[in-house]
Amino acid sequence: MEAATTAKTDAGERPVVIRGRGITVGFGGKPILEDLDIDVYRGEILGVVGGSGTGKSVLLRTIIGLNRRIAGTVEIFGQDLDAATDAERNRIGRRWGVLFQQGALFSSLTVLQNVAVPIREHFPMPEDLRNELARLKIELVGLPPDAADKFPSELSGGMIKRASLARSLALDPDIVFLDEPTAGLDPIGAADFDALIRNLRDTLGLTVFMVTHDLDSLVGITDRIAVLGNRKVLVDGTFRELKNFDHPWTQAYFNGERAQHYDFEAMDAAAAAAASTRTTEKA
Ligand SMILES: Nc1ncnc2c1ncn2[C@@H]1O[C@H](COP(=O)(O)OP(=O)(O)OP(=O)(O)O)[C@@H](O)[C@H]1O
């Protein structure tokens, strides 16, 4: 389960679970990402932000192999995905779960059946046991037991997000990729969902790669933020670092009207204290 590579950061030596180098992606001759580098550290919640159309979802999909790279490499747990055999890629793929922007549940399957799909694909086992495991995931994300037998059309937006999250956790992944997890939720539903993500990270030790526009989510749960722009990661760091970064988009975003409501220094201090508690608990 150990990452094969580490990186020196201000927080010391940290295992890198996702390392992208020189990632270049384009469609129909139009470049979207160009020579982009990114690292994601074990156990962190990384928020990925940037203007609309800057390629945040494309980056997520490229890392998990759904978009073709024109150039560059992606290493997950130290394994270069291009050099991996099909069996190795499958094995790595089982270590991540994905919550897509629209939830992407199968509409003709119940929540239980949806959550059981990845288990059925990867681990042959009796149906009773599979359903039991799926029920545990449904409980883990805070859905009531009777949600298991409902179809997606019978669920609220927040329940669909939770059901999708349950499915992404079906194989007990080490990494979860979240694409706009709180989009479309009311502020209370979004805050509850944020709390759930943070809780799961803390209890399961997940690494979270989260694309979001939601300033509350960024403030509430991320440890670090990467800003996409000019087809690259323009900058990454804590709120305070980003607040001081001299670029029109980051200035507008992190020093704009909405950002004035947040006490960034207090939040940085709280995040550092929480990280140090987690490190102490693991030791
Ligand atoms: N499969 C595809 N084929 C062609 N163009 C695509 C494809 N996927 C994404 N794009 C284009 O790539 C660009 C980046 O899209 P992406 O969805 O990653 O943006 P984003 O940063 O996530 O934006 P938003 O915040 O609005 O969701 C867009 O111009 C989009 O139209």
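Computed from a predicted structure; not experimentally measured.

A. Structural view of the overall build of the protein. Scanning the protein from N- to C-terminus turns up 10 helices and 11 strands. Here the protein holds 283 residues, and the buried ones make up 48% of them. Contacts spanning at least 24 positions in sequence make up 64% of the contacts within the protein whose residues lie at least 6 apart.

B. Expanded view of the pattern of salt bridges. One pass over the full model with this rule turns up 12 salt bridges. Ionic pairing is found between Arg21 and Asp39, a salt bridge with its closest N-O pair at 3.1 Å. Of this pair, Arg21 sits in strand E2 (residues 12-27) while Asp39 is found in strand E3 (residues 30-41), placing the two residues 18 residues apart along the sequence. Exposure remark for Arg21: the relative accessible area of 30% places this residue in the partly exposed category.

C. Structural detail: the pairing of strand E9 (residues 207-211). Buried residues dominate E9, accounting for 5 of its 5 residues. By the alternation rule, side chains of E9 split into Thr207, Phe209 and Val211 and Val208 and Met210, which are all buried. In terms of strand pairing, strand E4 (residues 45-50) meets E9 through 4 bridges, oriented parallel. Paired with Val48 across the strands is Val211, a residue of E9. As judged from the 5 bridges shared by strand E8 (residues 175-179) and E9, these two strands associate in the parallel manner.

D. The arrangement of the packing of helix H3 (residues 111-122) against helix H5 (residues 157-168) in detail. It is the contact of H3 with H5, at a shortest axis distance of 8 Å, that shows an interaxial angle of 30°. It follows from the interaxial angle that H3 and H5 lie roughly parallel. Relative to H5, the crossing made by H3 is right-handed. Of the residues in H5, those touching H3 at Val111, Asn114, Val115 and Pro118 are Ala163, Ala166 and Arg167. Along the lines of polarity and charge, the residues of the contact of H3 with H5 split into 5 nonpolar, 1 polar and 1 charged.

E. Here's a closer look at the sheet that holds strand E11 (residues 232-237). Pairing in this open sheet of 6 strands is mixed, and the strands run E7-E8-E9-E4-E10-E11 from one edge to the other. For this open sheet the edge positions go to strand E7 (96-99) and E11, each flanked by a neighbour on one side alone. Averaged over all pairs of adjacent strands, the angle between strand axes in this sheet comes to 20°, irrespective of strand direction. Relative to E11, strand E10 (residues 224-229) runs antiparallel, the two sharing 5 bridges. Across the sheet, the residue bridging to Val227 is Val235, located in E11. Contacts between H5 and the sheet are confined to E7 and E8, with E7 contributing the most and set at about 165° to the helix.

F. Inspection of the site of the ligand at higher detail. Near the ligand the following residues occur: Phe27, Lys30, Ile32, Gly51, Ser52, Gly53, Thr54, Gly55, Lys56, Ser57, Val58 and His213. Ser57 is positioned with one of its side-chain polar atoms (N or O) 3.0 Å from an oxygen atom of the ligand. In the environment of the ligand, an oxygen atom lies 2.7 Å from a nitrogen or oxygen atom belonging to the side chain of His213. Put simply, the parts of the chain that give the shell around the ligand at least two residues each are E3 and helix H1 (56-63). Per-element tally for the shell around the ligand: the top contributor is H1, with 3 residues. Considering only residue class, the shell around the ligand consists of 3 nonpolar, 7 polar and 2 charged.

G. Region of the structure containing the environment of Val211. Tracing the chain through its elements places Val211 in strand E9. By relative accessible area, which is 1% here, Val211 ends up buried. The sequence separation of Val211 and Leu178 amounts to 33 residues, and the corresponding C-alpha distance is 6.2 Å. The contacts of Val211, once residues within four sequence positions are left out, are Val48, Lys56, Leu60, Leu178, Asp179, Glu180 and Pro181.

H. Quick peek at the confidence of the model for the protein. Chain-level statistics for the protein give a pLDDT mean of 87 and a share of 89% at 70 or above. Taken together, the chains of this predicted complex give a pTM of 0.89 and an interface ipTM of 0.97.

I. Quick peek at the nonpolar core. Grouped together as the largest cluster of nonpolar side chains are 33 residues, with contacts concentrated most on Leu165, Leu178, Ile197 and Val208. With sequence-adjacent residues up to four places away left out, Leu178 is seen in contact with Leu60, Leu99, Leu165, Ile197, Val208, Phe209, Met210 and Val211. The next biggest cluster of nonpolar side chains, apart from the first, holds 30 residues, and it includes Ile38, Leu81, Val98 and Phe209.

What counts, and at which threshold
- Residues numbered from 1 in each chain as written.
- Predicted model: local features only at pLDDT ≥ 70, side-chain atom pairs only at ≥ 80, totals over all residues.
- Heavy atoms only, no water.
- Helix = DSSP H or I, 4+ residues; strand = E, 2+ residues; numbered from the N terminus.
- Buried < 20%, exposed > 50% of the residue type's maximum accessible area, 1.4 Å probe, protein only.
- Contact = heavy atoms within 4.5 Å.
- Salt bridge = Lys/Arg side-chain N within 4 Å of Asp/Glu carboxyl O.
- Pairing = 2+ DSSP bridges.
- Axes fitted to C-alpha atoms, helices over the stretch in contact; angles between N-to-C directions.
- Parallel < 35°, antiparallel > 145°, perpendicular 65-115°, else oblique.
- Left-handed = near helix turned anticlockwise from the far one by under 90°.
- Nonpolar A, V, L, I, M, F, W, Y, C, P; charged D, E, K, R; others polar.
- Near = heavy atom within 4 Å.
- Polar contact = N/O pair within 3.5 Å; in protein donor to acceptor, adjacent residues only side chain to side chain.
- pLDDT = per-residue confidence, 0-100.
- Core = buried A, V, L, I, M, F, W, Y, C linked by side-chain atoms within 4.5 Å.

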